[in-house]
Amino acid sequence: MKLRPPSPIGASDYPRIIALWKAAGLSFKPQGRDSREAFERQLAGGTQTAIGVETEEGELVGVVLATHDGRKGWINRLAVHPDYRRQGIARSLITAAEEVLRAQGIEIFAALIEPGNDASVELFLSAGYKDWPGMHYVSKRDREDI
Ligand SMILES: CC(C)(COP(=O)(O)OP(=O)(O)OC[C@H]1O[C@@H](n2cnc3c(N)ncnc32)[C@H](O)[C@@H]1OP(=O)(O)O)[C@@H](O)C(=O)NCCC(=O)NCCS
């Protein structure tokens, strides 16, 4: 199956992105920061870029959200359709996200990986990321579903 190179996708792609996250088994927050309204707001804010990989036929099979907070870049919600894994799609999306972030002046790239997601840890290590064992992720949120 021929694939198109990673390229930016937009708010109109939201339904396809959600369908892909579901197919990939990714945990996301459809009532919170991954709602359509939040997604559109984040894109409009200029600090988030959605990047997708499509087949030649136009099926979306990989997606990532590249965001930054002015200090660091974050690789978020990376997912590849189960039928298209181990072909280098995720790695190409990480590279594309880094390029987008570099163009915005960002030089540090990071990702949060849930415990037990060994595939993702291996992926990021293979992409040159350093693991930080023992690092704690703490967060405080105004609602449980965001
Ligand atoms: C993790 C995920 C994005 C990887 O996508 P992918 O397109 O298959 O990954 P790639 O083909 O680019 O893999 C590149 C390298 O990562 C590592 N890797 C990827 N998947 C792996 C797995 N299941 N087990 C071990 N290593 C893996 C390998 O080193 C691989 O290189 P290789 O195939 O030459 O051995 C995909 O499995 C997925 O969508 N998982 C569910 C959602 C998820 O967990 N997202 C990450 C959230 S942080």
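Look up: the structure comes first, before these words.
Model, not experiment: these values are computed from the prediction.

**Student:** Teacher, can you tell me more about the environment of S12 here?
**Tutor:** By the element assignment, S12 lies in the loop between β1 (7-9) and α1 (14-24). Distance in space between the C-alpha atoms of S12 and E40 is 9.1 Å, their sequence separation being 28 residues.

**Student:** Just checking my understanding: could you explain the nonpolar core for this structure?
**Tutor:** Generally speaking, nonpolar side chains in soluble globular proteins are found buried as a group. Ranked by size, the top nonpolar core spans 21 residues in total, and within it V64, I75, L78, I89, L93, I94 and F124 carry the most contacts. Elements represented by at least two residues in this core include exactly β2 (48-54), β3 (60-68), β4 (73-80), α3 (89-102) and α4 (118-126). Filtering out sequence-adjacent residues up to four positions away, V64 remains in contact with T49, A50, I51, I75, N76, R77, L78, L93 and A97. I18, F28, L60 and V63 belong to the second-largest nonpolar core, a separate cluster that totals 15 residues.

**Student:** Please clarify how α1 should be interpreted in this entry.
**Tutor:** Along an α-helix, residues three or four positions apart point the same way, because every turn accommodates 3.6 residues. Here α1 has its buried residues at Y14, I17, I18, L20, W21 and A24. The buried residues of α1 occupy one face: seen down the axis, they fall within an arc of 160°. For α1, the secondary structure elements touched by its buried residues are β1, α2 (36-44), β3 and β4. After α1 finishes, the residue G25 shows a positive phi value of roughly 75°.

**Student:** Explain the packing of α3 against α4 here, please?
**Tutor:** Two quantities define a packed helix pair, namely the angle between the helix axes and the distance between the axes. The N-to-C vectors of α3 and α4 enclose an angle of 55°; their axes lie 10 Å apart at closest approach. Classified by the interaxial angle, the pair formed by α3 and α4 is oblique. As α3 runs across α4, the sense of the crossing is right-handed. Taking contact as the criterion, the partners of A90, R91 and I94 in α3 are, on α4, L123, F124 and S126. Here the residues of the contact of α3 with α4 are counted per class, giving four nonpolar, one polar and one charged.

**Student:** Would you mind showing me how to read unusual backbone geometry here?
**Tutor:** For residues besides glycine, phi is generally negative; the peptide bonds are generally trans as well. With a phi angle near 55°, R77 is a residue other than glycine that sits in the positive phi range. In this fold, R77 is placed in strand β4. Non-glycine residue R86 carries a positive phi angle of around 60°. The residue R86 is located in the loop between β4 and α3 in this model.

**Student:** Is there a simple way to explain the side chain of R77 in this structure?
**Tutor:** Taking relative accessible area as the criterion, R77 reaches 18% and is therefore assigned buried. Non-local contacts of R77, meaning those with residues more than four positions away in its chain, are made with W21, L26, S27, F28, K29, R33, D34, V63, V64 and L65.

**Student:** Is there a simple way to think about the pattern of salt bridges in this case?
**Tutor:** Side chains that carry opposite charge are capable of pairing whenever their charged atoms lie near each other. The full count for this structure, using the stated rule, is seven salt bridges. Linking R4 and E54 is a salt bridge whose minimum nitrogen-to-oxygen distance equals 2.5 Å. Of the two residues, R4 sits in the segment before β1 while E54 sits in strand β2, which places them 50 residues apart along the sequence. Judged by relative accessible area, which is 34%, R4 ranks as partly exposed. Between R102 and E98 there is a salt bridge; the shortest N-O distance is 3.9 Å. Here E98 and R102 lie together in helix α3, a separation of four residues that amounts to about one turn. Note on E98: relative accessible area 12%, which makes it buried. By sharing partners, the salt bridges in this structure join R4, D13, R16 and E54 into a single network.

Criteria and thresholds
- Residues numbered from 1 in each chain as written.
- Predicted model: local features only at pLDDT ≥ 70, side-chain atom pairs only at ≥ 80, totals over all residues.
- Heavy atoms only, no water.
- Helix = DSSP H or I, 4+ residues; strand = E, 2+ residues; numbered from the N terminus.
- Core = buried A, V, L, I, M, F, W, Y, C linked by side-chain atoms within 4.5 Å.
- Buried < 20%, exposed > 50% of the residue type's maximum accessible area, 1.4 Å probe, protein only.
- Contact = heavy atoms within 4.5 Å.
- Arc of directions from axis to C-beta.
- Axes fitted to C-alpha atoms, helices over the stretch in contact; angles between N-to-C directions.
- Parallel < 35°, antiparallel > 145°, perpendicular 65-115°, else oblique.
- Left-handed = near helix turned anticlockwise from the far one by under 90°.
- Nonpolar A, V, L, I, M, F, W, Y, C, P; charged D, E, K, R; others polar.
- Salt bridge = Lys/Arg side-chain N within 4 Å of Asp/Glu carboxyl O.

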